Amino acid sequence: MRRPLLALLIVLTPATLLGQSNLSGDWQATVHLFGSTQYAILHLEQTSEKVTGTIFRTKIECQLQSTVCAGTVRRGNDPPIGTIRLTLKGSEIQAESDADGPFNFIARRPVVSRGAPRTHQFTPTKFYNYFSSKYEPVLHVAPGDTIESWSVDAGGIDASGKRRSPGGNPLTGPFFVDGAWPGDTLVVKLNRVRLTRDTAVSGDQIIPTALGPGYYRNLKFDEKFSSEWTLDRAAGVARLTKPSEHLKNYTVPLKPMLGCIAVAPPREMSFRSGYLGAWGGNMDFSQLGEGATVYLPVMHPGALLFLGDGHAAQGDGELTGDALETSMEFSVTVELVKNKTVSQPRAENAQFRMASGIANGLQEALQQATTNLSRWLADDYKLTPNEVAIVLGTAIQYQIAEVVDPLVHVVAKIDKKALAGLQQ
């Protein structure tokens, strides 16, 4: 299948031409083609006035005169498929080409870390109900920086009980991570995830898709049943505020977590904050609490990190449609793995490596989770397919993380003790 040639833009200043800088190296290109925006790495080599390069497997050759580099583009060793004109403007490269239809792009050098890690306290004043790249970032941070902030609960209620936004998992963010580029992996370390109030609310009926239709049809629910919870932070447990007869002594250990951790979805896609996908989202995985590290594929410049949907506790699958929904404060540190991405979210904590599979059905989600974990072990430990089979066949564990939202989320995980004897 032919790949469309994407826009290229190179900007050279007189200072550049005098040798104070050189075009050689990698540039981050934002390409505009037929009304769509795409992202690519532009690699250039400059020898005197001759400039060659590649972008999306397409070769560029041009001759530099003053601030303009004019030349051709080709695929492999084939004849040229069009012309290209690179104009040097300040620190940018701007390009126009007639190959494969008119296109243009702007390229800039990757952002270099600005020094020692910083801690940012961010107080949200607005919350979003979509995972989207269309929102202006609320804060720019650098790799290694820490964000300290908070979220309202799934209904938009804050720590004081005041409603701050519409319900449906309102999100804090998005946070722009300087230097994050499509093809990288965003690393989110959950340093602190803590409750900010003593109340929560949950669902009180098992969702019908998790039950046999005959069983569900004959159930008689009490419409006056109360699923309000009191969170005893001192004792570390939750109990029903108005318990029914058989649940007077029922308690649940508190295990705060964030249901929503995501980057902006690909291209111009936007999804309601109840959705989930390869970019993360409303994953509702009970292990994404304090001490966990989450790995997400970067799909837009800056990644655009969203956080929210605090749960005081949750069983696997979020079976009643709501966990113990409450407001939360959090501290997260962000890092980048450059030029390496993941196909689905990954996570780890002190005990497990955990790989997600998010799909339309249980079997497909399980297949994706197993594939995700297999690739992770093969990449990190250089295991052959047979070796991966032996390790996972004897040590893999599965959790059904989410069954109530539009897609099913299955997690394949492995205890780190099982990996201790592997030779890297």
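Scroll up a little and you will see the structure.
First, a word on scope: everything that follows refers to the structure included in this document. Please read these numbers as outputs of a predicted model, since none were measured by experiment.

Moving on to helix α4 (residues 385-395). Of the residues making up α4, those classed as buried are V388, V391, L392 and A395. Here the buried residues of α4 occupy an arc of 90° about the axis, which is enough to place them on one side. Facing away from the buried side of α4, by more than 90 degrees, are the exposed residues N386, I390, G393 and T394. Those residues of α4 hidden inside the fold are in contact with α3 (362-381), β28 (396-402), β29 (408-415) and α5 (416-419).

Turning our eyes to something else, we now look at the layout of surface pockets. Empty space among the atoms can be located by rolling a probe the size of a water molecule over them. In this structure, the largest pocket spans a volume of roughly 460 Å³. In terms of lining, the largest pocket is formed by 20 residues, of which the most central are S202, G203, W229, Y250 and T320. Looking at the lining of the largest pocket residue by residue, the classes come out as 10 nonpolar, six polar and four charged. The computed volume of the second largest pocket comes to approximately 340 Å³.

So, about the nonpolar core. Ranked by internal contacts, the top residues of the largest apolar core, which has 55 residues, are L186, L190, L231 and I261. Discounting residues that sit within four places of it in the chain, I261 has contacts with L190, W279, G280, G281, M283, L288, V294, L296, L305, F306 and L307. By size, the runner-up hydrophobic cluster in this structure holds 25 residues, among which are L23, A29, C62 and V73.

This next bit is on the pairing of strand β17 (residues 237-240). Relative to β17, strand β16 (residues 228-232) runs antiparallel, the two being bridged by four bridges. By the bridge assignment for β17, L231 is matched with A238. Alignment of β17 against strand β18 (residues 251-253), held across three bridges, turns out to be antiparallel. When the sheet's bridge partners are listed, A238 is paired in β18 with V252.

Scoring rules and cut-offs
Residues numbered from 1 in each chain as written. Predicted model: local features only at pLDDT ≥ 70, side-chain atom pairs only at ≥ 80, totals over all residues. Heavy atoms only, no water. Buried < 20%, exposed > 50% of the residue type's maximum accessible area, 1.4 Å probe, protein only. Helix = DSSP H or I, 4+ residues; strand = E, 2+ residues; numbered from the N terminus. Arc of directions from axis to C-beta. Contact = heavy atoms within 4.5 Å. 1 Å grid on protein atoms, 1.4 Å probe; cavity = no way out; pocket = protein on both sides within 12 Å on 5 of 7 lines; lining within 4 Å. Points joined across faces, edges and corners; volume = space filled by probe spheres on them. Nonpolar A, V, L, I, M, F, W, Y, C, P; charged D, E, K, R; others polar. Core = buried A, V, L, I, M, F, W, Y, C linked by side-chain atoms within 4.5 Å. Pairing = 2+ DSSP bridges.

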